[in-house]
Amino acid sequence: MFKNNIVIAFRNLIRKKGYSFINIAGLAIGIASSVMILLFVQDELSYDRYHEKADNIYRVALRASMQGNRLHAPITPAPLAETVIRDYPEVINAVRFFNFDAAPVIRYGDRSFVERSFVWADSTVFDVFTFPVVKGETASALNRPNTLVLTESAARKYFGDEDPLGKTLEIGNDRLPFEVTAVIEDLPHNLHFSFDVMASFITTDQHANEFWISNNYFTYLLLDENANPEDLEAKFPEMLEKYMGPQIEMFMGGTLEEFYESGEEWGYYLQPLTSIHLHSDLQYEIQANGNMTTVIIFSIIALIILVIACINFMNLSTARSTGRAREIGLKKVVGSSRPQLINQFLGESVFLSFISLLFAILLVELFIPAFNNLAGKELSVLYFSTWYTIPALLFLGVFVGLLSGSYPAFFLASFKPVAVLKGKLQTGLKSSTLRSALVVFQFLIAIALFVSTFTVYRQMNYIRSKDLGVNPENVMVIHRAGAIPFQQRETFCQELESHSNILVTSRAHAIPGTPFSGNAFRPEGAPTSSQHIVSNAWVDMNYADALELELVDGRFFSRDYASDTLAIVLNETAVRYLGLNEPVIGKRVYQTAAGGTAEAPEDLAFTVVGVVRDFNFESLHKTINPVILSPGEWGSYIIAKVQPENIAGTIEAVNEKWDEFVDDQPFEYSFLQQDLQSAYRSEEQAGMIFSIFSILAIFIACLGLLGLASFTTEQRTKEIGIRKAMGASAGSVMILLSKEINRLVLISTILAWPIAWYFMKNWLDNFAYRTEIGFGAFIAATLLTYVIALSTVSFQSYRAAMLNPVDTLREE
């Protein structure tokens, strides 16, 4: 039976090659698009599954609030790891990571590299995480100071074909020697953190830090497989009371209980390792994470595109029913049963589905490199490397065939032989309410996707054009300024400013788009326990000029005032947050170094000399937080405001000047405007993917519409000939054949608009600063869909309208 169905399907494929081509093309594009999106989704869902004990690994995160300023970050105090191992038997092991963004210079012989994938880690890292070793022994790899582990790629970069074990690399400006004790496999891309060089944390003084109120470390716990993480979390308050409480009392002058009673919050909780990438969006994340909403949306898009392709098949198959009505009638007369006919039609659809699947695989292999480049992934179809790939593709072929062929099979098999053979069967585009509903669904999706695309681009344009309170244009950022000897940095900046294309330079420890420090401050007269966590940056006197910060009160730092060493400049939010009343200038703000009151001599007192207009130093996903700028010239950045002309020449001049002051380290720079835009890379990628799949969805829908229009035109050939013989113009015939599309697009619009508005409103809620969902996006999406659909139908309508009625009536 199946063999006979295949033969019949192949014969019908040849006989009706035009419609079959449309069916195959639509299904192939739909399957290929869905496969690529599902590869993306699978990759997102597989993050951190590389580690064998992934289900038992948890990251410790901090949830705190002081004076209304929230700190929600995956950071902990240094002693927490050792404490939980000692005090709680359900914790099998723990590991700390420190300073993922160190980017030190590493030298081997006469070669030097800026290593941007560097981290410090405890030796227990190999007991918690899975890092397969290639050379050396991980058991003792990091248990001594001045030792490190390389990935295979890093080993090749530094040593080429040499055996790296036992070799020495020099790290940092002080050229500290580190011995290579192990080489591990390159890490896969689907981990929420990665590195190429991992050095022994025991080398640094930080590893023995005993301060519970200092949170600068990423801590991961390996729990017993029978342990309940919620039960462990419930023990953390007792741990804080025992270990952090005395330090709170020492440094803040109050007990931890009083701290809580005042409405403040400070606590730790556990994040499952496998949920971090898609469910964690905390401050100070190690690397940018994904988003579960994006995964859900892309999964829906994959399903929708596949369904649209299947709908095309259903519409064309049912619309062509008159072409097979006599065949069905004759088969029923000679004894074919309804189940036999259903099996035949389902076999034909599955056959076409598998042909489409072959073309879809070719499309995937052709376009997956471009999709990887767009999505920032390394996706591929592992046909033979995994046992489930081939069965999954076969299942997809059968599923698509059955889904797309089910309704046509039952519809065609239901024809009454008497009615068919008497010619009383009525079919066509308007005869089937279901067929119209399916077309409406296709255009509903197309309109919704277009609205989403326009809204994403509108938000991206809003981000690019929004006044950030700083002017990042033509601001060159020189990285790793610490490589210049401290005594020579001012001279370096002065010589840069002597260049005609460089307007002003500034030294800073933080710039917009980079992490600002967080320190505890309190206004004059407030008790020591009244602490406010405020973002803090140390900058020189030219910082405001280089970034074009706007002063709203007072002045900026100046060498003309010797007292400015203890001066600060606040943003407007910080003034409100600290509760400073007018006049703000001259007010004192204290940073508590030990217990005491505001008048205690051990407290560090700063005087407010200026207030700048609020500026966005973080991405527009977040509201503007309070900021305190302090005078300091020791930062790791030098920024230079440059002329827009001859940028290449300016870069070359700065590079030459760098080489004069730093002869053994590479020069690295960026431009602030591009750095700030990089915070929205995932949104830009989502916008591009929305655009591509919106176009694909409308293209697949139009393939089906083209087929329907062709078939409808064929069915009305006699009617068209009579109308033209009676004097109807070509234009009136085109309007007649095209008017159905007006009704369908109108219904699609009514249904699509509220759906698109709901999803886009939720997406925009991820931004603290956002554009409105413009009514123009809905109008544009509808018009674009309508024009494309009308053009598709008009093509066939025009051909039909231009036929000679004498020829058409003679043929009829």
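The following refers to the structure shown. Since this is a predicted model, take the numbers as computed values, not measurements. Residue positions are given per chain, counting from 1 as you read along its sequence in written order. Side-chain atom pairs in this predicted model are given and counted only at pLDDT of 80 or more, local residue features only at pLDDT of at least 70, and totals for whole chains, interfaces and linings cover all residues. Values shown for side chains rest on all heavy atoms present in the structure; no hydrogens or waters enter the calculation.

## Observations regarding the pattern of salt bridges
Then, in step 1: Note on definitions: salt bridges are taken to be side-chain nitrogens of Lys or Arg within 4 Å of carboxyl oxygens of Asp or Glu. Using the criterion set out here, one finds 27 salt bridges in the structure.
Then, in step 2: For the salt bridge of R480 with E668, the shortest nitrogen-to-oxygen distance reads 3.5 Å. Of this pair, R480 sits in the loop between strand 14 (475–479) and helix 17 (489–497) while E668 is found in the loop between helix 20 (647–661) and strand 24 (669–671), placing the two residues 188 residues apart along the sequence.
Then, in step 3: Each of the salt bridges in this network shares a partner with another, and the network as a whole consists of D43, E44 and K377. Put simply, DSSP H or I for four residues or longer makes a helix, DSSP E for two residues or longer makes a strand, and each gets a number counted from the N terminus.

## Here we look at the nonpolar core
Then, in step 1: One finds I301, Y543, L549 and L629 to be the most contacted residues of the largest nonpolar core, which totals 109 residues.
Then, in step 2: Sorting elements by how many residues they give to this core places helix 16 (residues 433–465) first, with 14 residues.
Then, in step 3: With residues up to four places along the chain from it excluded, the contact list for L629 reads N536, A537, V539, Y543, L549, F556, F557, A567, I568 and V569. In plain words, nonpolar cores are sets of buried Ala, Val, Leu, Ile, Met, Phe, Trp, Tyr and Cys residues tied together by side-chain atoms within 4.5 Å. Only protein chains enter the accessibility calculation, which uses a 1.4 Å probe. A residue is then buried if its area is under 20% of the maximum for its type, exposed if over 50%, and partly exposed in between. By definition in these notes, contact holds between two residues if any of their heavy atoms fall within 4.5 Å.

## Brief notes about the packing of helix 3 (residues 80–87) against helix 7 (residues 236–243)
Then, in step 1: What counts as an axis is a line fitted to C-alpha atoms, over the stretch in contact for a helix, and the angles between N-to-C directions run from 0 to 180 degrees. Two elements in contact, helix 3 and helix 7, have axes whose closest approach is 12 Å; the angle formed by their N-to-C orientations is 115°. Considering the relative orientation of helix 3 and helix 7, their crossing is right-handed. Facing helix 3, whose interface residues are L80, T83, V84, R86 and D87, helix 7 presents F236, M239, K242 and Y243.
Then, in step 2: Note that Gly is not counted as nonpolar here; it falls among the polar residues with everything else outside the nonpolar set of Ala, Val, Leu, Ile, Met, Phe, Trp, Tyr, Cys and Pro and the charged set of Asp, Glu, Lys and Arg. Looking at the contact of helix 3 with helix 7 residue by residue, the class counts come to 5 nonpolar, 1 polar and 3 charged. Each crossing gets its hand from how the near helix is turned against the far one by less than a right angle, where anticlockwise is left-handed and clockwise is right-handed.

## Side note on the pairing of strand 12 (residues 218–223)
Then, in step 1: The buried fraction of strand 12 amounts to 6 of the 6 residues, a majority that puts the element mostly inside the structure.
Then, in step 2: Alternating positions in strand 12 separate into two faces, F218, Y220 and L222 on one and T219, L221 and L223 on the other, with burial throughout.
Then, in step 3: Of the pairings in the sheet, the one linking strand 1 (residues 57–66) to strand 12 comprises 3 bridges and is antiparallel in character. Bridge pairing links Y58 to L221 in strand 12.
Then, in step 4: Pairing between two strands is assigned when DSSP locates at least 2 bridges connecting them. In this sheet, strand 12 lies alongside strand 3 (residues 91–98) in antiparallel orientation, the contact comprising 6 bridges. Opposite F97, over in strand 12, you have F218 as the bridge partner.

## What to know about the layout of surface pockets
Then, in step 1: Cavities and pockets are defined on a 1 Å grid built over the protein atoms alone: a cavity is a set of grid points where a 1.4 Å probe fits but cannot escape, while a pocket is an open set with protein on both sides within 12 Å along at least five of seven lines, and lining residues are those with an atom within 4 Å of any such point. Grid points are joined across faces, edges and corners, and a volume is the space filled by probe spheres set on the points. In this model, the second largest pocket occupies a volume close to 700 Å³.
Then, in step 2: For the second largest pocket, the lining is made up of 25 residues, of which V35, L38, L39, Q42 and Y388 are closest to its centre.
Then, in step 3: When contributions to the lining of the second largest pocket are tallied by element, the ones reaching two or more residues are helix 2 (17–45), helix 11 (292–319) and helix 14 (389–413).
Then, in step 4: Here the lining of the second largest pocket gets 6 residues from one element, more than from any other, and that element is helix 2.
Then, in step 5: Considered class by class, the residues forming the lining of the second largest pocket number 14 nonpolar, 9 polar and 2 charged.

## Some thoughts on the pairing of strand 8 (residues 147–151)
Then, in step 1: With respect to burial, strand 8 is a largely interior element, 5 of its 5 residues being buried.
Then, in step 2: Here strand 8 shows a buried face lined by T147, V149 and T151 and a second buried face lined by L148 and L150.
Then, in step 3: Pairing geometry for strand 8 and strand 10 (residues 176–184), over 5 bridges, is parallel. Each residue of the ladder has a partner; that of L150, found in strand 10, is V183.
Then, in step 4: Across 3 bridges, the pairing between strand 8 and strand 11 (residues 197–200) is antiparallel. Looking at strand 11, one finds that V149 is bridged to M198.

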